[in-house]
Amino acid sequence: MKIHVADGAFDAPVWEPASGDGPGLVLIQEIFGLDEYLKSVAADLAALGYVVAIPELFWRVAPGWSSGHDDAGVAASMDVASRFDPTLGVSDVVATLEHLRARTGRAGLLGFCLGGSLAYEAAMTADPDVTVSFYGSTVPDRITGIDAVTCPIQFHFGGQDPYIPRPAVQHVVDAVADRPNAEIHVQEAAGHAFHSRVAPKFHHPAAATTAWTLTTEFLARTFSPDPLLT
């Protein structure tokens, strides 16, 4: 689908479940763009009964961007990300959320890395029905804003993440400890981007399996495709 905003328009490809309908999930990219990994996650979520939309966040600086997850791909994607305006990115995520909700009735957010940060930011400023944030590097510094998040929210981090030190993760652990709408899971043996199965330098299979099981259980509990179950 095409999303129109004040300064232009961007694509948000959609994956549908076999039924053709269900609650919506905005899947928010890493710095690598709309790559095979993100497409596979969208397919996994669609198989669970969700209508999934992925906004193209780098449309202003590198339209159609997609890169590998090797050292060269990381360097190139970091360069693109350095020219990305996160405030506009949050606006694009919220615009996609609103567009998807108009179609599906309910809509939430799920993001990885850059997308994990943007999912949390959008949850503070908009009204998603659910949010899942994987290893968002800005989350620890912004966790004081958790009061603004009213939907069910789940955080995932790796305990060995070189980009998000374990003491920073602990800030999030402490902040959500007594909140009935929030939970956090730390895979202590895993580093950054541990769910990314196309990136051998990041992927931690055991942590990825555990975290994805926790994610799907959380979604089933709080945002089931069957509204009678939530």
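Residues numbered from 1 in each chain as written. Predicted model: local features only at pLDDT ≥ 70, side-chain atom pairs only at ≥ 80, totals over all residues. Heavy atoms only, no water.

**Q** How should helix 1 (residues 36-47) be read in this particular structure?
**A** Owing to its 3.6 residues per turn, the α-helix aligns residues three or four sequence positions apart on the same side. Taking 1.5 Å per residue as the helical rise, helix 1 with its 12 residues ought to reach 16 Å, and the 16 Å between its terminal C-alpha atoms agrees with that figure. Those residues of helix 1 that fall on the buried side of the exposure criterion are Y37, L38, V41, A42, L45 and A46. Looking at the buried residues of helix 1, the elements they touch are strand 3 (14-15), strand 4 (24-28), strand 5 (51-53), strand 6 (107-112) and helix 7 (205-222). Positive phi appears at G49, one or two residues downstream of helix 1, with a value of about 110 degrees. (Helix = DSSP H or I, 4+ residues; strand = E, 2+ residues; numbered from the N terminus. Expected span 1.5 Å × (residues − 1). Buried < 20%, exposed > 50% of the residue type's maximum accessible area, 1.4 Å probe, protein only. Contact = heavy atoms within 4.5 Å.)

**Q** Quick question: what am I supposed to make of the side chain of H185 here?
**A** Secondary-structure assignment places H185 in strand 9 (residues 182-187). For H185, a relative accessible area of 19% corresponds to the buried category.

**Q** What's the story with unusual backbone geometry in this structure? I'm lost.
**A** Most peptide bonds take the trans form, and the phi angle of most residues other than glycine is negative. Of note, C113 is a non-glycine position whose phi angle comes to about 60 degrees, a positive value. Within the secondary structure, C113 sits in the loop between strand 6 and helix 4 (114-125). The phi angle at Y135 is positive, at roughly 35 degrees, despite the residue not being glycine.

**Q** How should I be thinking about the sheet that holds strand 5 in this particular structure?
**A** Within a sheet, each strand pairs with its neighbour through backbone hydrogen bonds, oriented either parallel or antiparallel. An order of 3-5-4-6-7-8-9 is seen for the seven strands of this open sheet, with the pairing classed as mixed. Unpaired on one side and paired on the other, strand 3 and strand 9 mark the two borders of the sheet. With four bridges connecting them, strand 6 and strand 7 (residues 131-134) associate as parallel partners. Residue F112 lies in a different strand from strand 7, and its bridge partner there is F134. (Pairing = 2+ DSSP bridges.)

**Q** Explain helix 6 (residues 166-176) here, please?
**A** Those residues of helix 6 that fall on the buried side of the exposure criterion are A168, V169, V172 and V176. Down the axis of helix 6, the sector holding all buried residues measures 105 degrees, keeping them to one side. Residues of helix 6 that are exposed and point more than 90 degrees away from the buried face comprise P167 and D174. As for helix 6, its buried residues are in contact with helix 5 (139-142), strand 8 (153-158) and strand 9. (Arc of directions from axis to C-beta.)

**Q** Whenever I open this one, the nonpolar core confuses me. Can you help?
**A** The nonpolar side chains of soluble globular proteins are, as a tendency, buried together. Formed by 70 residues in total, the largest nonpolar core has its most connected members in L27, Y135 and F155. Considering every element that reaches this core, the biggest residue donor is helix 4, with seven residues. Each residue touching L27, except ones within four places of it in the same chain, is listed here: L38, V41, A42, L45, V52, A53, I54, P55, L110 and F112. If you look at the next biggest cluster of nonpolar residues, it comprises five residues, including I3, F10, A12 and W59. (Core = buried A, V, L, I, M, F, W, Y, C linked by side-chain atoms within 4.5 Å.)

**Q** So what exactly am I meant to see when it comes to the layout of surface pockets here?
**A** It is a probe the size of a water molecule, rolled over the atoms, that shows where empty space is left. The calculated volume of the largest pocket comes to roughly 530 Å³. Taken together, 21 residues make up the lining of the largest pocket; nearest its centre are I31, C113, L114, S117 and S137. Elements represented by at least two residues in the lining of the largest pocket include exactly helix 2 (71-82), helix 3 (86-104) and helix 4. Looking at the lining of the largest pocket element by element, the count peaks at four residues for helix 4. Of the residues belonging to the lining of the largest pocket, the class tally is 14 nonpolar, five polar and two charged. (1 Å grid on protein atoms, 1.4 Å probe; cavity = no way out; pocket = protein on both sides within 12 Å on 5 of 7 lines; lining within 4 Å. Points joined across faces, edges and corners; volume = space filled by probe spheres on them. Nonpolar A, V, L, I, M, F, W, Y, C, P; charged D, E, K, R; others polar.)

**Q** Can you help me understand the environment of G73 in this one?
**A** Within the secondary structure, G73 sits in helix 2. The class of G73 is buried, set by a relative accessible area of 5%. Each C-alpha atom of the pair G73 and T104 lies 35 Å from the other, and the pair is 31 residues apart in sequence. Contact partners of G73, with chain neighbours within four places excluded, come to F32, S67 and G68.

**Q** Is there a simple way to explain the pairing of strand 6 in this structure?
**A** Most of strand 6 is tucked away: six of the six residues are buried. Because side chains alternate across strand 6, one face comprises the buried residues A107, L109 and G111, and the other comprises G108, L110 and F112, equally buried. Two strands pair when backbone bridges link them, and strand 4 and strand 6 are joined in this way by five bridges, in the parallel orientation. Bridging across to strand 6, L27 finds its partner in L110. For the handedness criterion, the β-α-β arrangement of strand 6, helix 4 and strand 7 is classed as right-handed. (Right-handed = clockwise from strand over helix to strand, strands pointing away.)

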